[in-house]
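Residues per chain are reported as follows:
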Amino acid sequence: MISSLHRPTKALIDLEAICQNIESVQANIPQGKQTFAVVKANAYGHGSKQVAQAISHLVDGFCVSNIDEALELREAGIDKTILILGVIMPEEVEIARERHLTLTVASQEWLDMALAQGISLADLDVHLKVDSGMGRIGVRSLDEAEHLLADLKKAGAHVAGIFTHFATADEADDTKFNQQLAFFTDLITHLSETPALVHASNSATSLWHSETIFNMVRLGIVMYGLNPSGTELALPYPIKPALSLESSLVHVKQISAGDSVGYGATYVAQGDEYIATVPIGYADGWTRDLQGFYVLVNGEWCEIVGRVSMDQITIRLPEKLPIGTKVTLIGQDGDQVITATDLAQKRGTINYEVLCLLSDRVPRVYSK
Ligand SMILES: *Cc1c(COP(=O)(O)O)cnc(C)c1O
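Residues numbered from 1 in each chain as written. Predicted model: local features only at pLDDT ≥ 70, side-chain atom pairs only at ≥ 80, totals over all residues. Heavy atoms only, no water.

The name that an unreviewed UniProt entry assigns to the protein chain is Alanine racemase, with the source organism given as Streptococcus alactolyticus. As recorded by UniProt, the Cofactor (unreviewed entry) comment attached to the protein chain reads in full: "pyridoxal 5'-phosphate". In its Catalytic activity (unreviewed entry) section, the UniProt entry covering the protein chain states "L-alanine = D-alanine". (UniProt positions renumbered as here; feature names shortened; annotations may be inferred.)

Right, dumping it as structure tokens:
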């Protein structure tokens, strides 16, 4: 989708905040660990090219989810290590080699299939994925890991790392976390040869289990200034949300008792009310379940009344205000603030999803 530039709706991205958040994590974890920035899904909606260029000097490498996200970074001039966290199809291996991308290998079946297809893994950088309990991808035993490592080497691949991913690092109950940690630690300890990079830490692990970092962290949501646990666990140190979402009033009217607003006529005014229209809707990622949520205008909470349409929402104003008045949908206005976590709570989801679903129609505007 093309960005709608001639519309007051825009996401403001504070690149300096992202840099500060990375530095805060680095200052609070043991020294000498490598930092990989997770910029998959367009850097959680913040713009992967701009984010990667702004933080490249602070990190050792980047993580993305697939080949195309990696190629976007290479096109943007990023020459650091790029680790693809997901499984790519064997027929894409050649692209990875050409662009010096690092692949995740997660199963013997994948390697056997690649070799059976005559695909060369010679000189390819790979990390081996261990499924310590997440249950998505990766080998599930020491035997499997040993076998796959040996076969990768035989095929000429360079196994630069081994890693796992925690399912519950963002929860107060650490039973499952400790089981996964014990499994992975045991596997690493008994491997006949350990790859140079050993990593298990996402944002939550870096924040709340920083004693368990092996020698590299993979930082996602924390860089963007949001709490991985939503509201369950308190942050051990402050971080700053990097994205705010703004628009303007484009239409303001007074309605009277009995007048309805929006599709389905789900909102009916009780008396004289000022209703304003804001040009954002579910096609922007401002989903329909945000009916009844709030935005900020002149530092005051204004309810979203009536259905959220594809391209417009309607809000109730405390008073008549002119067209062009600023509306804050995510971010600070005066003493009040709306966070992606607040939206997530209203929507019954997580702040990650709120950010990722902001569509390309919303232009990203950068400040440093
Ligand atoms: C997305 C992802 C991360 C980053 O997770 P955050 O919770 O955003 O820090 C780290 N590792 C893997 C394997 C991932 O898929």
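Following the structure, the description resumes.
On to the packing of aromatic side chains, then. Each aromatic ring pair is characterised by the separation of its centres together with the angle its planes make. All told, the structure shown has 5 aromatic pairs when counted by the stated rule. Summarising the aromatic geometry, the rings of Tyr 294 and Trp 301 are spaced 6.3 Å apart at their centres and angled 90° between planes, so their arrangement reads as edge-to-face. For Tyr 294, a relative accessible area of 34% translates into the label partly exposed. An aromatic cluster is defined as three or more aromatic residues linked by ring pairs; in this entry it consists of Tyr 44, Tyr 224 and Tyr 352. (Phe/Tyr/Trp six-rings, centres within 6.5 Å; stacked < 30°, edge-to-face > 60°. Buried < 20%, exposed > 50% of the residue type's maximum accessible area, 1.4 Å probe, protein only.)

The residues that UniProt annotates with the feature "domain: Alanine racemase C-terminal" (unreviewed entry) are residues 242-367. Across residues 242-367, helical content stands at 11% and strand content at 39%; the span's end C-alpha atoms are separated by 10 Å. (Helix = DSSP H or I, 4+ residues; strand = E, 2+ residues; numbered from the N terminus.)

This part covers the site of the ligand. In the vicinity of the ligand, the contacting residues are Val 38, Lys 40, Tyr 44, Leu 85, Arg 136, His 165, Asn 202, Ser 203, Arg 218, Gly 220, Ile 221 and Tyr 352. Contacts to the ligand include Ile 221, whose backbone N or O atom sits 2.8 Å from an oxygen atom. Across the complex, the protein chains shield 92% of the 390 Å² of accessible surface that the ligand would expose by itself. Considering only residue class, the shell around the ligand consists of 5 nonpolar, 4 polar and 3 charged. (Near = heavy atom within 4 Å. Polar contact = N/O pair within 3.5 Å; in protein donor to acceptor, adjacent residues only side chain to side chain. Areas by Shrake-Rupley, 256 points an atom, 1.4 Å probe, with all protein chains shown as cover. Nonpolar A, V, L, I, M, F, W, Y, C, P; charged D, E, K, R; others polar.)

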